[in-house]
Structures are given as structure tokens and as C-alpha cells.
Amino acid sequence: MNNQLFYKRMNLPPLFYDATLDKIPNELIYKEVIVRFIKDFKANLIDGRGLYLWGDYSSGKTALSCILLKSLASIGKMGLFISARDIPKYIIEKVRFDSKYTFVDRMEMVDLLVIDELILKEGKDSFVETSVETIFRARLIKKKATIFTSNNSPSTVKQLFPALYAAMQEAVFPVRVAGKDFRAEKRRQLEKDFEKAK
């Protein structure tokens, strides 16, 4: 399977097809954790160990999760990228992933699931949160690894959604993603490109 087909099969956003670990500066503390996680990928997948990537907007959390998904190819495993806000639709509408499986089937069975943009807000216990918890718990039972990305700190998850936080303690390691604004860097490059075009 070529890279494009592999990425599509994982539902990887095209924006991140070219995301690579070498684009992350070595001085960023979280890079070492990601490198170790990839080095021990097989063991992490066997044990169902995942990550909770959290930090400010534009810090590179989604790109990191996509780098991890892309790394599965080297060990012959398959993953899936899902936006947290889409999970209720997949559950209610039984949206098909392909002719054989629904997205819910696929979310529960892949070796590594990325749940992107888990956003929790005070006073809001929505179907998104309960749907995420349902999928995550189904994966926990099967010892399947899950990666979350979020702007919420682990302490905020504990405060706003204690049931999900409690479940995460079994199999998800929190990693703060901070230190560089990747979108600002892209904006500067875009400005340079426009200046050259004048």
C-alpha cells in the first residue's frame, strides 16, 4: 500500500501528510518522550499504552499525533484519526468506514486510535464527552492504545470529566506540548513567499 492510500485508510488529514519528527526542534522537551514512545511502539501497542498530548493552540499536538500514526507503517500496524466532535455522528448515524465496517467498529479495532481536539468546557456534559468515553472504555477492555490531543490540562479533565480522567489513568500518559508556535512559523513563511511574488 503506498503512503497516500495508507494515510487515507487512517483518515489522516492531508495537511499532515508531510509531518515528520525531524521538523520538531530537539530542544523541545516533549520530543524525547515521543521518540521513546515510537522506539517502544510494539510494546506500547501490545500493552495498550497511549498518550494525552495537551497544550496551547498551534503547539503541534495534532501534527505529533499524525507523526505517531504514520510511524505505524514501519511495524505493519494500522491506526485511525478521528475528531472528537465527529464521534457522536459516527455512533448515532452508524456511518460506514468501508463496505465491511462502521467507523465505530474501526475505532474499536485499530491498533492505535487518535482522538483529536478533545475540548471540555465547564458546566457542559455533552454527548461528545460521553461518546468519547464509551469508545475509550471499549478500547481499554481490548488493551488498544489511544492518543488524545487537547487544549485542556489533565487537571482540567479531572475537574470537568472525572469518569474519563479515571479511565485514562489506566493507560494514557500525559505529555505537555509547548515551546513553539508552528502556525506562526507557517504564517511567516507565507508572508515571505508573498513578498517574493511581488
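This text goes with the structure placed above it.
Definitions and cut-offs
Residues numbered from 1 in each chain as written. Predicted model: local features only at pLDDT ≥ 70, side-chain atom pairs only at ≥ 80, totals over all residues. Heavy atoms only, no water. Pairing = 2+ DSSP bridges. Helix = DSSP H or I, 4+ residues; strand = E, 2+ residues; numbered from the N terminus. Axes fitted to C-alpha atoms, helices over the stretch in contact; angles between N-to-C directions. Contact = heavy atoms within 4.5 Å. Buried < 20%, exposed > 50% of the residue type's maximum accessible area, 1.4 Å probe, protein only. Core = buried A, V, L, I, M, F, W, Y, C linked by side-chain atoms within 4.5 Å. Expected span 1.5 Å × (residues − 1). Phe/Tyr/Trp six-rings, centres within 6.5 Å; stacked < 30°, edge-to-face > 60°.

Trainee: Just give me the short version of the sheet that holds strand β4 (residues 145–150), but keep the residues and values in it.
Mentor: The strands making up a sheet associate through hydrogen bonds between their backbones, and the pairing can be parallel or antiparallel. Taken in spatial order, the five strands make up an open sheet running β2-β3-β4-β1-β5, and their pairing is parallel. The open sheet has two edge strands with one neighbour each: β2 (79–83) and β5 (172–176). Averaged over all adjacent pairs, the angle separating strand axes in this sheet is 15°, with direction ignored. Of the pairings in the sheet, the one linking strand β1 (residues 50–54) to β4 comprises four bridges and is parallel in character. Bridge pairing in β4 places L51 opposite I147. Running at roughly 150° to β4, helix α7 (residues 127–141) makes contact with β3 (112–116), β4 and β5 of the sheet.

Trainee: Please give an account of the pairing of β2 that cites residues and values.
Mentor: By the criterion of burial, β2 is predominantly enclosed, with five of the five residues buried. In β2, alternate side chains face the same way, and those of G79, F81 and S83 on one face and L80 and I82 on the other are all buried. Summarising the sheet, β2 and β3 pair through five bridges and their orientation is parallel. Its bridge partner being in β3, S83 is matched across the sheet by D116.

Trainee: Hey, could you go over the nonpolar core for me, with residue numbers and the actual values?
Mentor: Counting 33 residues, the largest nonpolar core has Y30, I34, L51, L53, L69 and L112 as the members making the most contacts within it. Secondary structure elements with two or more residues in this core: α1 (3–9), α2 (29–39), α3 (41–47), β1, α4 (61–70), β3 and β4. With residues near it in sequence (within four places) discarded, I34 still touches L21, L51, L53, L64 and L68.

Trainee: Hey, could you go over α7 for me, with residue numbers and the actual values?
Mentor: Every α-helical turn comprises 3.6 residues, leaving residues that sit three or four positions apart pointing alike. With 15 residues, α7 extends 21 Å from end C-alpha to end C-alpha; this agrees with the ideal 21 Å at 1.5 Å per step. For α7, the set of buried residues is E129, S131, V132, E133, I135, F136, A138, R139 and L140. Contact partners of the buried residues in α7: α5 (87–92), α6 (103–109), β3, β4, α9 (162–168) and β5. Where α7 ends, the next residue or the one after it, K143, has phi of about 55°, a positive value.

Trainee: An account of the packing of aromatic side chains is needed here, citing residue identities and associated values.
Mentor: Enumeration over the complete set of coordinates arrives at seven aromatic pairs. Centroid distance F37 to F41: 5.5 Å. Interplanar angle 65°. Geometry classified as edge-to-face. Here F37 matches F41 in class, with each residue buried. Taking the centre distance of 6.3 Å and the plane angle of 50° together, the rings of Y52 and F148 count as tilted. Placement of Y52 in strand β1 and of F148 in strand β4 is noted, with a sequence separation of 96 residues between them. A relative accessible area of 3% means that Y52 is categorised as buried. A connected cluster of aromatic rings, assembled from ring pairs, spans F6, Y7 and Y17.

Interpretation note: all reported values are geometric properties and have no functional meaning in isolation.
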